[in-house]
Amino acid sequence: LEPPRRVDPRKNTIMKLIQLVRPIASLIPEVEKPTQRVNFREKILWTACSLLLFMVCSNLPLFGIQMAKTSDPFYLMRVILASNRGTLMELGVSPLVTTGMVLQLLQGSKILEVNLDDKEERVLFTAAQKLVGLLVTLVEATAYVMSGMYGDVSAIGTGNAILIVAQLFFAGLMLLMLDELLQKGYGLGSGISLFIASHICETIVWKAFSPTTINTGRGTEFEGAILAFFHLMFVRSNKLQAIREALYRQNLPNLTNLMATCLIFALCIYMQEWRVNLTVKYQKYRGTEGKYPIKLFYTSNMPIILQTAFVSNIYFISQMLYHQSPNSPFFKLFGEWSTTESGPLAHSVPVGGLAYYVSPPASLLDMFYDPFHAIFYLLFTLTACAIFGRTWTEVSGTSVRDVARQMRERQVVMKGHRDTATAKVLSRYIPIAAALGGVCIGLLTVVADYMGAIGSGTGILLCVTIIHDFYEALMKENIPPEMNAKAFRAMAM
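Residues numbered from 1 in each chain as written. Predicted model: local features only at pLDDT ≥ 70, side-chain atom pairs only at ≥ 80, totals over all residues. Heavy atoms only, no water.

A. The arrangement of the overall build of the chain in detail. A tally of helices and strands in the chain yields 21 helices and seven strands. Expressed as a percentage of the 493 residues in the chain, the buried residues total 44%. The contacts in the chain between residues at least 6 apart in sequence include a share of 64% that link residues at least 24 apart. Accessible area of the chain: about 26900 Å², with a carbon and sulfur share of 64%. (Helix = DSSP H or I, 4+ residues; strand = E, 2+ residues; numbered from the N terminus. Buried < 20%, exposed > 50% of the residue type's maximum accessible area, 1.4 Å probe, protein only. Contact = heavy atoms within 4.5 Å. Areas by Shrake-Rupley, 256 points an atom, 1.4 Å probe, with all protein chains shown as cover.)

Shown next, in the form of structure tokens:
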């Protein structure tokens, strides 16, 4: 007799938890799949309406809040979370991203095994993902209110506190439904990616053309870099001095930041096309040949997202420890913080400790004043992105082993090699692309931060990769239905 197979108790526990969703799965809001093919114009319309609704909510202030004078502890995270302080989009896509990444890590590491080909398991897993997302939204909304971000709870009142939590919860529910709406086929791409990219683009456009005026001590200036250039050229008698101010003014967006942003955008778009095309044969289609592309950015923008999330947690923990005991030498090792003004709001910046050294230098001048900080940040970012890039392939189902299995199931083989040699061929490219791609993404981020690009290097990389994915989706939608079979045989998987 064969000995009984040992089952990891963690898997049984998680699967039991997912089974608990079954009685309430029908109560969780769901977007039904379209009963017929949605044409291209309708997809564009649904995508545009979803984006418009998100942008309206991003500028619609919460009712019943009293903005506290304390600094914003999540200032450095908002760029990748499509978050806007004091509005319905205060939480942004944070609950959805957190839930999706945790469940994908559990699934990729085989702690959570779900057969997505089985309809029942797929429905339960989707319902569990939504339920966890809504619970995370509720917990984060409650934590925001209880922490005093909108004023002391005793000052705003219990009724207003509950109302604020309800507003944030229903805003999170709306984002969940919009994301599902687009992913079910009514729109293009992912709602989360669309909202992140639009938020970053909005930030860049605003800092270029903002009509807000600020008194800098040298007179009133426009916040937007381009408007400030024309304004300075008009009001300054010394035109060379006006150009110098427009290019290098401090504490406000300048033309150098804008040109750096355009340069990094162009460089990211150019590097998106770097790939190695492996020739494959489709046995199912009588040996028809095609191309299997392995991009330099094999893991897309995941390395920099994970690195940013890791650094953000360091910021959060070090801020919490520092505010508890500012004079403790041990807590200062994690980070020392100082509050700086940025328009009507304030935000905390690290000035010492670990949090300081894993943050980018504020300007090129700071790099020369503290070269060790710049070198440490460079090495830390490149190493972290390389490690996260290699790790993500193992837990996301894109490793050599996983890709080789998928190709074997689809009866795809490498041209000139036996069926059993597929994994060996892929191992020459995928691990290198994952690590080197992570290093290149990290290097682009560092260069963008050193040059002072608007929206930060992380934001620009996210924006470019998301826009590139939407562009590919648009091109795919333009392929006529009758060409799909030919395109499948002629293109890579």
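B. Geometry of unusual backbone geometry. A positive phi angle is found at Gln411, which is not glycine, with a value near 60°. Residue position: Gln411 is located in the loop between helix 17 (400-409) and strand 7 (412-414).

C. Just the nonpolar core, in detail. If you look at the biggest cluster of nonpolar residues, it comprises 72 residues, and the most contacted ones within it are Val93, Phe195 and Ile196. Every residue in contact with Phe195, bar those within four places of it in the chain, is listed here: Ser50, Leu51, Phe54, Ala82, Val93, Leu175 and Leu178. Within the second largest apolar cluster, 17 residues are counted, among which are Leu278, Ile294, Met414 and Ile430. (Core = buried A, V, L, I, M, F, W, Y, C linked by side-chain atoms within 4.5 Å.)

D. Fine view of the environment of Lys415. Mapped onto the elements, Lys415 comes out in the loop between strand 7 and helix 18 (422-426). Taking the C-alpha atoms as reference points, Lys415 and Lys281, 134 residues apart in sequence, are found 5.8 Å from one another. Beyond its immediate sequence surroundings of up to four residues, Lys415 is in contact with Thr279, Val280, Lys281 and Glu289.

E. Layout of helix 2 (residues 40-58). For helix 2, with 19 residues, the first-to-last C-alpha span of 27 Å sits near the 27 Å given by 1.5 Å per residue. Those residues of helix 2 not exposed but buried are Lys43, Thr47, Ser50, Phe54, Cys57 and Ser58. Looking straight down helix 2, one finds that the buried residues subtend no more than 110° of arc, so they occupy a single side. Counted as exposed and oriented over 90 degrees from the buried face of helix 2: Arg41, Leu45 and Leu52. (Expected span 1.5 Å × (residues − 1). Arc of directions from axis to C-beta.)

F. Expanded view of the pairing of strand 3 (residues 275-282). Where strand 3 lies against strand 4 (residues 288-295), eight bridges are found, and the strand directions are antiparallel. The residue bridging Thr279 from the neighbouring strand is Lys291, located in strand 4. (Pairing = 2+ DSSP bridges.)

G. Molecular detail of the packing of helix 10 (residues 239-248) against helix 11 (residues 255-272). Close contact between helix 10 and helix 11 brings their axes to 4 Å; oriented N to C, the two are set at 50°. When the interaxial angle is binned, helix 10 and helix 11 end up oblique. Contacts between helix 10 and helix 11 involve Ala246, Leu247 and Tyr248 on the former and, on the latter, Leu255, Thr256 and Met259. When its residues are assigned to classes, the contact of helix 10 with helix 11 shows five nonpolar, one polar and no charged. (Axes fitted to C-alpha atoms, helices over the stretch in contact; angles between N-to-C directions. Parallel < 35°, antiparallel > 145°, perpendicular 65-115°, else oblique. Nonpolar A, V, L, I, M, F, W, Y, C, P; charged D, E, K, R; others polar.)

H. Molecular detail of a nonpolar patch on the surface. Taken together, the side chains of Leu267, Tyr270 and Trp274 define a hydrophobic patch exposed on the protein surface, amounting to about 320 Å² of accessible area. Relative to the elements of secondary structure, Tyr270 occurs in helix 11. (Patch = residues over 30% accessible without salt bridge, like charges linked within 9 Å, V, L, I, M, F, W, Y side chains within 5 Å. Salt bridge = Lys/Arg side-chain N within 4 Å of Asp/Glu carboxyl O.)

I. Spotlight on the sheet that holds strand 3. Read across the open sheet, the three strands follow the order 4-3-7; overall the sheet is antiparallel. What marks the edges here is a single partner per strand, and that holds for strand 4 and strand 7. Neighbour to neighbour, the strand axes of the sheet diverge by 45° on average, direction disregarded. Relative to strand 7, strand 3 runs antiparallel, the two being bridged by three bridges. Residue Tyr282 lies in a different strand from strand 7, and its bridge partner there is Val412.

J. Layout of the pattern of salt bridges. Per the stated rule, a full pass over the model turns up nine salt bridges. One salt bridge connects Lys130 with Glu180, and the closest N-O pair in it is separated by 2.9 Å. Here Glu180 lies in helix 7 (residues 158-186) and Lys130 lies in helix 5 (residues 119-146), a separation of 50 residues in the sequence. The pair Lys130 / Glu180 is uniform in exposure class, with both members buried. Between Arg405 and Asp402 there is a salt bridge whose closest N-O contact spans 3.1 Å. Here Arg405 and its partner Asp402 are both found in helix 17, three residues apart, which amounts to about one turn of the helix. For Arg405, a relative accessible area of 31% corresponds to the partly exposed category.

K. Spatial organisation of the environment of Lys130. What makes Lys130 buried here is its relative accessible area of 8%. Lys130 sits 34 residues away from Leu96 along the chain, and the two C-alpha atoms are 8.5 Å apart. The residues touching Lys130, leaving out its near neighbours within four places in the chain, are Ile28, Pro29, Glu30, Leu176 and Glu180. Here the side chain of Lys130 touches Pro29 through a polar contact of 3.0 Å, landing on its backbone oxygen. (Polar contact = N/O pair within 3.5 Å; in protein donor to acceptor, adjacent residues only side chain to side chain.)

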